Each structure stands twice: as C-alpha cells, then as structure tokens.
Amino acid sequence: MNLNIKATREALKNGSVTSTALVKKSIDTFEEDKKSSLPLNAFLEMYDDAFSKAEEADRQITSAREKGSDALNELFSKKPLLGLPFAVKDNISVKGKHLTCASKILEGYVAPYNATVIQRLEDAGAIPLGRCNQDEFAMGSSTEYSSYGPTRNPINRQYVSGGSSGGPAAAVAGNQALFGLGTETGGSVRLPASYCGVYGLKPTYGVLSRWGVVAYGSSLDQVGILAHTPGDIAETLSAMAGEDFYDDTSADLPEKARLSTLSAMSASELSALKIAIPKQFLENKGLLPDVGVVFEQTRKWFQDKGAKIDEVDLPILDASIASYYVIALSEAASNLSRFDGIRYGRRVDTGEGYDELYVHTRSEGFGPEVKRRIVIGNYVLSEQFSGDTYKKGMTVRARIQREIAELFKNYDIILCPTCPTPAFKLGQKVDNPLEMYLSDLFTTFVNLARIPSISVPAGSSSDGLPVGIQFAGKMFSEAKILQLAQAWEEEHSGCGVPVK
C-alpha cells in the first residue's frame with residue numbers, strides 16, 4: 001500500500017497510527033532487507049535518533065488530542081508534517097550525521113549543521129529517517145557509481161533504480177519512507193522517479209536553498225522531492241521553499257500559499273491548456289517503442305480533455321546534452337578541488353609532501369566516474385587545450401533559456417518523456433559512459449533553462465517496468481504543474497506497478 005501525507009496525518013491525529021510505529025516499520029523493513037539475497041540498498045543507515053524524535057512527536061500529538069480538536073488542529077497547522085519520516089540523499093547535511101556523498105573520500109565525515117531544507121522540514125515536524133544511497137557525488141544516472149554498491153529497483157531488483165537520487169527514489173517506491181529528498185543537476189530526481197514509478201519534482205532553480213548541499217554543478221544543482229502523490233510534493237515543497245539568507249541564489253516562490261491546499265486542475269482549466277511537444281525528442285532514435293507508446297497514450301489523454309497540442313521545432317535542444325555536460329563537468333572539477341585530504345575526509349599520507357598527499361588521497365578516494373568527470377572538466381577549463389569550449393557551452397545555455405522563455409509566452413506546458421528508456425539491467429551500461437550520459441537526453445534542458453518539471457508515472461513497458469512522462473512549466477509555475485499532475489493522479493492513481 002502506498003501511504004500519502006494527508007492520509008497518514010489524519011491517522012496520526014485520530015490515533016490509529018503513531019509516528020513511532022511508522023519509524024519502527026521503516027527500520028524493521030531496512031533491517032530485513034539487508035538480509036535479502038538481492039538487497040534494495042536504498043538506505044545506507046537509519047539515524048539513531050529517529051525513534052526518539054518520533055516518540056516526542058507522539059507525545060505532542062497525544063497531549064493536543066487530550067485538550068480537544070481545536071488544540072490538535074492548531075498543533076498541525078504549526079507543524080503540518082509532524083511525525084512524518086522522510087529519506088535523505090547522502091549529499092544533504094543533517095547535523096551530527098554521516099555525510100559521504102557515497103564516496104570513500106568522505107568516509108567518516110559528520111555534518112556540522114543542518115542543510116536549510118532539512119531544518120525547514122524539521123521545523124514543520126518531519127523526521128529525518130536515514131541517509132540514502134546515490135551515485136558518488138551525484139555523478140551518474142543509475143546509482144551504480146557508489147562506494148556502497150548499487151541500489152536496486154523495487155519493481156524488479158535485477159534493474160537499476162536510476163540516478164543519481166536512486167536511493168531515496170527506491171526508498172519511496174519500496175514504501176520504506178513516506179517521501180524523500182534528492183538532488184538534481186541534469187535529471188537526477190526525475191530519472192529515478194520515472195524508473196521507480198513515483199512522482200519526482202525538480203523545482204525552479206533557487207526555490208529550494210542549496211545551503212548544506214554538497215555542490216556538483218553549482219549553477220545547475222537543485223534539491224528535488226520524490227513522493228507517491230503530487231499533493232505530498234506540494235506539502236513538502238511548501239514547507240521548504242523560499243529565500244534563504246545563506247544562499248544568494250535562493251528565491252521566494254510567488255504562489256507558495258496555493259501548495260498547502262493543492263487541488264486538481266479543473267476540466268475547464270485542462271481544456272484551456274496549450275501544450276508544446278518538441279519535435280527533437282519525438283524524432284530521437286534513442287526513444288524506445290515502449291516509451292513512445294506510453295507517451296502517445298499521455299498525449300491522447302490531453303487531447304480527450306480538449307487541450308491544444310502543437311509539435312514545436314526547437315533545434316537548439318539537440319545541443320542541450322552537450323552544453324549540459326560541458327558546464328556541469330567544468331563546475332564539478334572546480335567544486336571537487338576542495339576534497340584534498342587536508343581539511344576533512346579521507347587522507348592518504350605518504351610522507352612525501354603535500355603534492356603526493358593530494359594525488360594519492362584523490363586517486364584512492366574518488367571512484368572512476370568521478371575521476372573521469374574531473375579530468376574532462378579540467379580539460380574543458382584549460383583554454384590551451386579545449387579553446388573556448390566552456391564559453392560555447394554557456395552561449396548555448398543562454399540561447400536555450402531565451403528560446404524556452406519565448407516558448408512559454410504562447411504555451412503553458414512542455415510535454416515530453418522523462419527518459420528515452422525504462423530502467424535497464426544492473427551492469428548493462430556501467431562500462432559505457434556515453435550510453436549512460438544519454439539517459440539524461442530529455443531532462444537536461446530543464447536544468448539549463450532553470451524551469452520546474454515533474455515526472456509523473458504514466459504507464460509501464462512490456463516488461464512491467466514503470467515509464468515516466470514529464471510536465472515542464474515556466475519559471476515559478478510549480479503550483480500549476482502540480483495541479484496538473486494531481487488531475488493526472490486522480491484519474492490514473494499513479495499507474496502503480498507492483499513492488500516485488
């Protein structure tokens with residue numbers, strides 16, 4: 001059974017379930033799963049204080065219930081997520097807890113403070129349950145590039161969960177957590193959401209603070225949310241969104257108030273929609289027929305609702321994945337230079353000076369995919385080798401932003417698949433980085449344009465694997481795309497695929 005926030009909150013209020021029972025079930029499921037021959041490996045560890053925080057939440061709820069319904073409602077109006085446990089990706093700081101980015105180089109590191117998104121969720125009463133697996137330093141599309149081993153897909157454990165936020169996606173899809181926090185640089189929330197059959201939102205750049213989130217590509221990075229329903233995403237987004245003193249790139253969400261009482265888009269609103277479908281994605285040779293079938297079914301649903309749908313020509317999208325990797329890898333090479341074995345984390349001291357310390361620490365601490373991306377990023381940034389490649393990448397990005405903004409003057413939504421394929425088998429692409437990078441083919445333009453997008457579970461492949469479709473909107477249109485996703489959810493119930 002897929003739990004959601006609204007139903008769970010009502011159960012907490014009426015006493016039919018307790019926060020401690022929710023946390024205990026997650027911990028028991030985690031411990032039992034570790035004994036499996038094919039462990040999910042979604043959580044890396046459960047936080048040792050999650051149970052005590054749940055007990056405190058139960059005390060507050062019981063005390064308020066004894067005082068009457070007014071007191072109980074007042075408590076939940078102040079703390080709308082009270083007692084609800086959630087999963088945390090291993091690159092988001094939780095004070096006093098391990099933070100390793102699934103890398104040997106940060107082995108043993110403990111976060112000294114809460115990330116802003118964690119603090120805001122805790123202020124709303126939510127309970128960080130544990131840290132989840134990911135691709136090392138969020139670099140990957142399958143959660144196979146982790147020093148802790150891969151995370152498996154809860155729908156079929158022979159397959160990947162997607163990446164880089166595969167851990168929290170699998171935790172949510174496998175009912176080990178009510179909702180999860182991931183991060184996105186080029187699709188790392190939406191991709192695993194599609195593979196695991198849950199909803200995944202990438203908000204407008206800046207809506208969720210990056211303070212306390214380990215940087216990969218700073219101009220692209222964004223915290224995202226994974227959940228069973230658009231309503232769950234709306235509630236958690238409402239608790240976290242807004243400007244943050246500690247993050248100069250943060251921004252307020254103008255329609256934040258609409259999120260806490262999210263309703264589905266009405267029939268008249270659906271019929272008034274103007275939807276753009278980029279030809280470049282439909283004509284892509286990498287789009288598998290199974291995904292194409294689900295996409296056509298989604299298009300028909302919109303047509304039956306009376307929405308106006310046009311196929312639009314955006315040739316610049318053909319350059320989006322190249323532009324993305326030039327920018328992301330350049331920023332990664334710069335950001336990861338701080339992991340040197342001197343200030344914190346793993347240290348391989350050879351006794352032969354700082355240069356040797358630096359080289360040996362990074363050589364042994366970073367995995368092959370991270371090293372590959374650092375090398376490429378440094379090459380791109382070395383003008384004597386790559387020329388003006390970085391500048392060209394930034395020029396393409398600026399043009400993508402302009403053309404997408406211009407498109408939204410005439411359209412409400414961009415509709416396209418989340419990924420060219422469903423989940424693939426473990427090990428199938430791990431030694432083929434180019435093929436792995438192409439998993440992000442339909443997602444990177446969203447990050448480059450800094451717009452919001454949600455992956456919705458829209459159907460399944462002939463092998464029974466989930467297929468996601470994404471609804472992208474203009475900047476700060478989170479409320480609108482979540483209302484649209486809620487209308488989809490109410491007619492399709494998430495297109496749920498049974499968990500094995």
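Account for the side chain of S103, with residues named and values stated.
Among the secondary structure elements, S103 is positioned in the loop between β2 (85-89) and α5 (116-123). The contacts of S103, once residues within four sequence positions are left out, are E136, F137, S147, G365 and F366.

Tell me about helix α16 (residues 389-407), and name the residues and values.
For α16, which comprises 19 residues, the first-to-last C-alpha distance of 27 Å matches the rise-based estimate of 27 Å (1.5 Å per residue) to within 8%. Where α16 is buried, its residues contact β7 (274-278), β8 (308-312), α12 (320-335), β9 (413-417) and α18 (444-449).

Just give me the short version of the pairing of β2, but keep the residues and values in it.
Of all five residues in β2, five are buried, a share of seventy percent or more. Side chains P85, A87 and K89 project from β2 onto one buried face, and the interleaved F86 and V88 project onto a second face that is buried too. Bridge count for β2 against strand β3 (residues 127-132) is five bridges, and the pairing is parallel. Bridged to F86 within β3 is P128.

An account of the packing of α12 against helix α14 (residues 368-381) is needed here, citing residue identities and associated values.
Their axes nearest at 7 Å, the elements α12 and α14 cross at an angle of 100 degrees. Judged by the inter-axis angle, α12 sits roughly perpendicular to α14. Residues Y325, V326, L329, S330 and A333 of α12 lie in contact with α14, whose contacting residues are R373, I374, I376, G377, N378, V380 and L381. By residue class, the composition of the contact of α12 with α14 is eight nonpolar, three polar and one charged.

Any chance you could break down the sheet that holds strand β6 (residues 222-227) for me, citing the residues and the numbers?
Across the sheet, which stays open at both edges, the eleven strands sit in the order β1-β3-β2-β4-β6-β5-β10-β11-β9-β7-β8 with mixed pairing between neighbours. Two strands in the sheet have a free side with no partner beyond their single neighbour: β1 (43-46) and β8. With strand direction ignored, the average angle separating the axes of adjacent strands in the sheet is 30 degrees. The pairing of β7 with β9 spans two bridges and is classified as parallel.

Describe unusual backbone geometry, listing the residues and the values that go with them.
Here G163 and S164 are connected by a cis peptide whose omega angle stands at 5 degrees. Within the secondary structure, S164 sits in the loop between β3 and α6 (166-173). Non-glycine residue A102 carries a positive phi angle of around 55 degrees. Following the sequence through the fold, A102 ends up in the loop between β2 and α5.

So what's going on with the packing of aromatic side chains? Which residues, and what values?
All told, the structure shown has 16 aromatic pairs when counted by the stated rule. Pairing Y195 with F424 gives two aromatic rings, centres 6.0 Å apart and planes at 85 degrees, and the pair type is edge-to-face. Here Y195 is found in helix α7 (residues 190-196), whereas its partner F424 is found in the loop between β9 and α17 (433-437), with 229 residues between them in sequence. Accessibility classification places Y195 together with F424 in one group, the buried group. Pairing F281 with F442 gives two aromatic rings, centres 4.7 Å apart and planes at 50 degrees, and the pair type is tilted. Of this pair, F281 sits in helix α10 (residues 279-282) while F442 is found in the loop between α17 and α18, placing the two residues 161 residues apart along the sequence. Here the aromatic residues Y113, W211, F245 and Y246 are joined through ring pairs into a cluster of three or more. Above the ring of Y205, the side-chain terminus of R450 is found at 4.3 Å from the ring centroid.

Before we move on, can you summarise the pattern of salt bridges with the specific residues and values?
Considering all chains together, one arrives at 30 salt bridges under this definition. Residue K53 is joined to D49 by a salt bridge in which the shortest nitrogen-to-oxygen separation is 3.7 Å. Since its relative accessible area comes to 28%, K53 is described here as partly exposed. In this structure, the salt-bridge partner of D412 is K480, at a minimum N-O distance of 3.0 Å. Taken as a pair, D412 in the loop between α16 and β9 and K480 in helix α19 (residues 478-492) lie far apart in primary sequence, 68 residues in all. Take D412: its relative accessible area is 23%, and that puts it in the partly exposed class. Residue K480 is classed as partly exposed on the basis of its relative accessible area of 28%. Where salt bridges share partners, they join D48, D49, K53, K97 and E122 into one cluster.

Please give an account of the pairing of strand β10 (residues 453-460) that cites residues and values.
With seven of eight residues buried, β10 is to be regarded as a mostly interior element. Pairing between strand β5 (residues 199-202) and β10: three bridges, direction antiparallel. Of the residues in β10, the one forming a bridge with G200 is S455. With seven bridges connecting them, β10 and strand β11 (residues 466-472) associate as antiparallel partners. In the sheet register, V456 faces β11, and the bridge partner there is I469.

Cut-offs and rules
Residues numbered from 1 in each chain as written. Predicted model: local features only at pLDDT ≥ 70, side-chain atom pairs only at ≥ 80, totals over all residues. Heavy atoms only, no water. Helix = DSSP H or I, 4+ residues; strand = E, 2+ residues; numbered from the N terminus. Contact = heavy atoms within 4.5 Å. Expected span 1.5 Å × (residues − 1). Buried < 20%, exposed > 50% of the residue type's maximum accessible area, 1.4 Å probe, protein only. Pairing = 2+ DSSP bridges. Axes fitted to C-alpha atoms, helices over the stretch in contact; angles between N-to-C directions. Parallel < 35°, antiparallel > 145°, perpendicular 65-115°, else oblique. Nonpolar A, V, L, I, M, F, W, Y, C, P; charged D, E, K, R; others polar. Phe/Tyr/Trp six-rings, centres within 6.5 Å; stacked < 30°, edge-to-face > 60°. Lys NZ or Arg CZ within 6 Å of the ring centre and 35° of its normal. Salt bridge = Lys/Arg side-chain N within 4 Å of Asp/Glu carboxyl O.

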